[in-house]
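A closer look at the structure
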Amino acid sequence: MARVGVMLPRDLPANQVLTYAREAERLGFDELWVVEDLGFRGGVAQAGAVLAATSRIVVGIGILPAGARNAAFAAMELATLGQLFPGRLIAGIGHGMPDWMRSVGAHPASPLTLLREFTVAVRTLLRGEPGPAAGRYVNVEGVAIGEVPAVAPPVVLGVRGPKSIAVAGAVADGLLLAEPAAPAYVAESIKRMAAAAEHSGVGAPEVITYDAAAVGLDGRAARDLVRPGLAWIGEADWAPHLAPLPFAADLARHRQASGSRAEFAATMPDEWVRALALAGTAEEVWGQIADRQAAGATSCVLIPAEPDPLAALARLASVLP
């Protein structure tokens, strides 16, 4: 059975962060995922705080941009959390949004090369092995971390394009698929990841999905709540998410005909919203989670769509088995 997690919203007021984490654990969620978006809060700091404030829940970091940190120091941070909170951390690494990375002078000429080198270096160091040979962007050759966890935390790649997904299959412990992660996209991504013959993860790879989520007695009203979270999916960056879907061409035409992102999302057919989110009655949402599990997802993470995420947690938890 797939694990069920919930996202800690990036703009949740600071005085609610630990309360939210404790409530997510009390309600029975398997995982809590923190966000590192430029201009908001740091992922490692959030993870450390919520791990210390809870006792059971697994905490995921989604995601640390490869260009933002030195690989050795990133590995040290993750190793420390892995030591202090064994078995309770999943580390997500990705490219970071291109505009954000350019704005801080950290966007490489070859994002794929950086992602591969950074991931290999971090995973190698987390295992307590000397850093790998220097590459084009990452040079931690021979560096060793003296303090490593007994079991290294999984390192998954939060990426969306086919070439980046192949890198995840080759050098990471799995894949983190951003929203929307419809079952067809999950299945297609797993095929691409499996085709990377160098896959070096231990056992079956992790496949973690994000989706906008709302649960209510009125399924259509709950789906209407997630519409703003789907406003961006008609833009070019989201094309890989939509390509495997039977209505992809219709969705593209709908975006072209819409005067704005808001209009695009507000007028999208209800059946599309049903496919692109975890939204509806508790029974409907559990069925959507089961569909993602059947496609290969190992963890489904709910992104609260209601204006008050803390108040919405109990409703989201009604889908837990």
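Our subject is the structure listed above.
First, a word on scope: everything that follows refers to the structure included in this document.

Before going further, it helps to spend a moment on the overall build of the chain. For the chain, the helix and strand inventory stands at 14 helices and 9 strands. In terms of overall dimensions, the chain is globule-like: its C-alpha atoms have a radius of gyration of 19 Å, near the 20 Å expected for 321 residues. Relative to its 321 residues, the chain shows a buried fraction of 51%. Look at the contacts in the chain between residues 6 or more apart in sequence, and 73% of them connect residues 24 or more apart. Surface exposure of the chain reaches about 13500 Å², of which carbon and sulfur atoms provide 57%.

A separate point is the side chain of R223. In this fold, R223 is placed in helix α8 (residues 219–226). Since its relative accessible area comes to 4%, R223 is described here as buried. Ignoring any residue separated from it by four or fewer positions in sequence, one finds R223 in contact with D270, V273, R274, A279, G280 and E284.

What follows is about the packing of helix α3 (residues 71–84) against helix α5 (residues 111–126). In contact at an axis separation of 9 Å, α3 and α5 are set at 45° when each is read in the N-to-C sense. Classified by the angle their axes make, α3 and α5 are oblique. Along this stretch, α3 crosses α5, giving a crossing that reads as right-handed. Only F118, A121, V122, L125 and L126 of α5 make contact with α3, whose side of the interface consists of A71, A72, A74, A75, L78 and A79. Tallied by class, residues from the contact of α3 with α5 come to 11 nonpolar, no polar and no charged.

For residues besides glycine, phi is generally negative; the peptide bonds are generally trans as well. The omega torsion across G62 and I63 is -5°, close enough to zero to call that bond cis. Mapped onto the fold, I63 is located in strand β3 (residues 58–65).

Among all positions in helix α2 (residues 43–53), only G43, V44, Q46, A47, G48, V50 and L51 are buried. At its buried positions, α2 is contacted by α1 (17–27), β2 (31–35), β3 and α3.

This brings us to the pairing of strand β4 (residues 89–94). Among the 6 residues in β4, 6 count as buried, and that is most of the element. Side-chain alternation along β4 places L89, A91 and I93 on one buried face and I90, G92 and G94 on a second face that is also buried. Here 5 bridges tie β3 to β4, and the two strands are oriented parallel to one another. When the bridges of β4 are listed, G60 appears paired with I90. In the sheet, β4 pairs with strand β5 (residues 155–158) via 3 bridges, with the strands oriented parallel. When the bridges of β5 are listed, I93 appears paired with L157.

This part takes up the pattern of salt bridges. One side chain can pair with another of opposite charge once the charged atoms of both are near each other. Scanning the entire structure with this criterion turns up 20 salt bridges. Residue R3 is joined to E31 by a salt bridge in which the shortest nitrogen-to-oxygen separation is 2.4 Å. With R3 in strand β1 (residues 3–7) and E31 in strand β2, this pair connects stretches of sequence that are 28 residues apart. One salt bridge in this structure joins E206 and R3, with 2.8 Å as the shortest N-O distance. You can see E206 sitting in strand β7 (residues 206–215) and its partner R3 sitting in strand β1, a full 203 residues away along the chain.

Turning to the environment of W238, a few remarks are in order. With respect to the helices and strands, the residue W238 is situated in the loop between α8 and α9 (239–242). Distance from W238 to G5, taken between C-alpha atoms, is 23 Å for residues 233 residues apart in sequence. What W238 contacts, discounting residues up to four positions off in sequence, is R160, E179, P180, W232 and I233.

Let us now look at the packing of aromatic side chains. Evaluation of the coordinates by the stated rule reveals 3 aromatic pairs. Between W33 and Y210 the ring centres are 6.1 Å apart and the planes differ by 75°, which places this aromatic pair in the edge-to-face class. Taken together, the residues span a long stretch of sequence, with W33 in strand β2 and Y210 in strand β7 at a distance of 177 residues. Just as W33 is buried, Y210 falls in that class too. Where F247 meets W272, the ring centres are 5.2 Å apart and the plane angle is 10°; that geometry is what we call stacked.

Scoring rules and cut-offs
Residues numbered from 1 in each chain as written. Predicted model: local features only at pLDDT ≥ 70, side-chain atom pairs only at ≥ 80, totals over all residues. Heavy atoms only, no water. Helix = DSSP H or I, 4+ residues; strand = E, 2+ residues; numbered from the N terminus. Rg over C-alpha atoms; globule rule 2.2 N^0.38 Å. Buried < 20%, exposed > 50% of the residue type's maximum accessible area, 1.4 Å probe, protein only. Contact = heavy atoms within 4.5 Å. Areas by Shrake-Rupley, 256 points an atom, 1.4 Å probe, with all protein chains shown as cover. Axes fitted to C-alpha atoms, helices over the stretch in contact; angles between N-to-C directions. Parallel < 35°, antiparallel > 145°, perpendicular 65-115°, else oblique. Left-handed = near helix turned anticlockwise from the far one by under 90°. Nonpolar A, V, L, I, M, F, W, Y, C, P; charged D, E, K, R; others polar. Pairing = 2+ DSSP bridges. Salt bridge = Lys/Arg side-chain N within 4 Å of Asp/Glu carboxyl O. Phe/Tyr/Trp six-rings, centres within 6.5 Å; stacked < 30°, edge-to-face > 60°.

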